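Given next are the chains, with one letter for each unit.
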Amino acid sequence: MSLQTNITTALKEAMKAKDQVALESLRAIKSELLLAQTSGSSAELTEADEIKLLQKLVKQRKDAASIFVEQGRNDLAEPELAQAAVIEQFLPAQLSEAEVEAAIKEIIAEGNFAGMQSMGQVMGLANTKLAGSADGKTISTIVKKLLTA
């Protein structure tokens, strides 16, 4: 079943349940999907494109929430985090930090990478291998830690 079909089904369920947070989140996803489809770049979105789009939406919500928390506005941060949680339901399961670290160690060992000068190469390979299953910030942090160790 495609993402768009899943979103439409979840949207109907959220309407029936009168769940405003889910409705807002699902409408945001649907809107972004429509924008991506009508942008003219390609007729059909791939699954990888859909995952990137969902990750972007989650990142936007989490960034906004962290800004609100910094400013002492927890009342505004909570809805953003709730929307991020709804959107994350449509993403593939995320790897734990230990799993990400193991995958990055494997990449470093295969390519004989050492030192911070090879960070770009390792990041490129890691982002390709872990696309959709790990956050870019997490990958970056672990790569830095392993290359400086």
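Details of the structure are given in the entry above.
What you are looking at is a predicted structure, and each value in this text was computed from that prediction instead of being measured. (Residues numbered from 1 in each chain as written. Predicted model: local features only at pLDDT ≥ 70, side-chain atom pairs only at ≥ 80, totals over all residues. Heavy atoms only, no water.)

### As for the side chain of S118
To keep things clear, this is the line we draw: Only DSSP runs of H or I covering at least 4 residues are called helices, and only runs of E covering at least 2 are called strands; the numbering of each starts at the N terminus. Here a polar contact means two N or O atoms within 3.5 Å. Within protein one must be a hydrogen donor candidate and the other an acceptor candidate, and residues neighboring in sequence count only if both atoms are side-chain atoms.
For S118, the position within the fold is in the loop between α5 (97-111) and α6 (119-129). Looking at S118, its side chain comes within polar contact range of the main-chain oxygen of G115, at 2.9 Å.

### So, unusual backbone geometry
Condition: Under the scheme applied here, a residue whose accessible area is under 20% of the maximum for its type counts as buried, over 50% as exposed, and between as partly exposed, the area being computed with a 1.4 Å probe on protein chains only.
Of note in the backbone geometry, K18 takes a positive phi value of approximately 55° without being a glycine. Residue placement: K18 occurs in the loop between α1 (3-17) and α2 (20-37). Residue classification places K18 among the exposed positions, given a relative accessible area of 67%.

### Digging into the pattern of salt bridges
Cut-off, in case you're wondering: We count a salt bridge whenever a side-chain nitrogen from Lys or Arg sits within 4 Å of a carboxyl oxygen from Asp or Glu.
Within the structure shown, the criterion is met by seven salt bridges. One salt bridge in this structure joins K59 and D63, with 2.9 Å as the shortest N-O distance. Residue K59 and its partner D63 are located together in helix α3 (residues 47-70), separated by four residues, close to a single helical turn. What makes K59 partly exposed here is its relative accessible area of 48%. Look at D63 and you get partly exposed, because its relative accessible area is 35%. In this structure, a network of salt bridges that share partners links the residues E101, K105 and K145.

### A word on α1
We count it as follows: An expected span of 1.5 Å times one less than the residue number is assigned to each helix. Throughout, a contact is declared for two residues whenever any of their heavy atoms are within 4.5 Å.
Taking 1.5 Å per residue as the helical rise, α1 with its 15 residues ought to reach 21 Å, and the 21 Å between its terminal C-alpha atoms agrees with that figure. Contacts from the buried residues of α1 go to α2 and α3. Two residues or fewer after α1 comes K18, characterised by a positive phi angle close to 55°.

### A short note on the packing of α2 against helix α4 (residues 74-88)
The description of two helices packed together rests on the angle between their axes and the distance between the axes. For clarity, the threshold we go by: Axis geometry follows a simple rule: fit a line to the C-alpha atoms, using only the stretch in contact for helices, then measure angles between N-to-C directions, giving values from 0 to 180 degrees. Note that the term roughly parallel is reserved for angles under 35 degrees, roughly antiparallel for angles over 145, roughly perpendicular for angles of 65 to 115, and oblique for everything else. By the definition used in this description, the sense in which the near helix is turned from the far one sets the handedness, with an anticlockwise turn below a right angle giving left-handed and a clockwise turn giving right-handed. Under the scheme applied here, ten amino acids are nonpolar (Ala, Val, Leu, Ile, Met, Phe, Trp, Tyr, Cys and Pro), four are charged (Asp, Glu, Lys and Arg), and all others, including Gly, are polar.
Direction vectors running N to C along α2 and α4 enclose 60°, while the axes themselves pass 9 Å from each other. Between α2 and α4, the interaxial angle falls into the category oblique. Crossing of α2 against α4: the hand is right-handed. Two secondary-structure elements touch here, α2 through V21, A22, E24, S25, L26 and I29 and α4 through A82, Q83, V86 and I87. In terms of residue class, the contact of α2 with α4 is built from seven nonpolar, two polar and one charged.

### What to know about the packing of α2 against α3
One way to put it is that α2 packs onto α3 with a least axis distance of 11 Å and a crossing angle of 135°. By the angle between their directions, the pair α2 and α3 is classed as oblique. Here α2 runs over α3; the crossing is right-handed. Residues A28, I29, E32, L33 and A36 of α2 pack against E50, L53, L54, K56, L57 and R61 of α3. Class assignment for the residues of the contact of α2 with α3 results in seven nonpolar, no polar and four charged.

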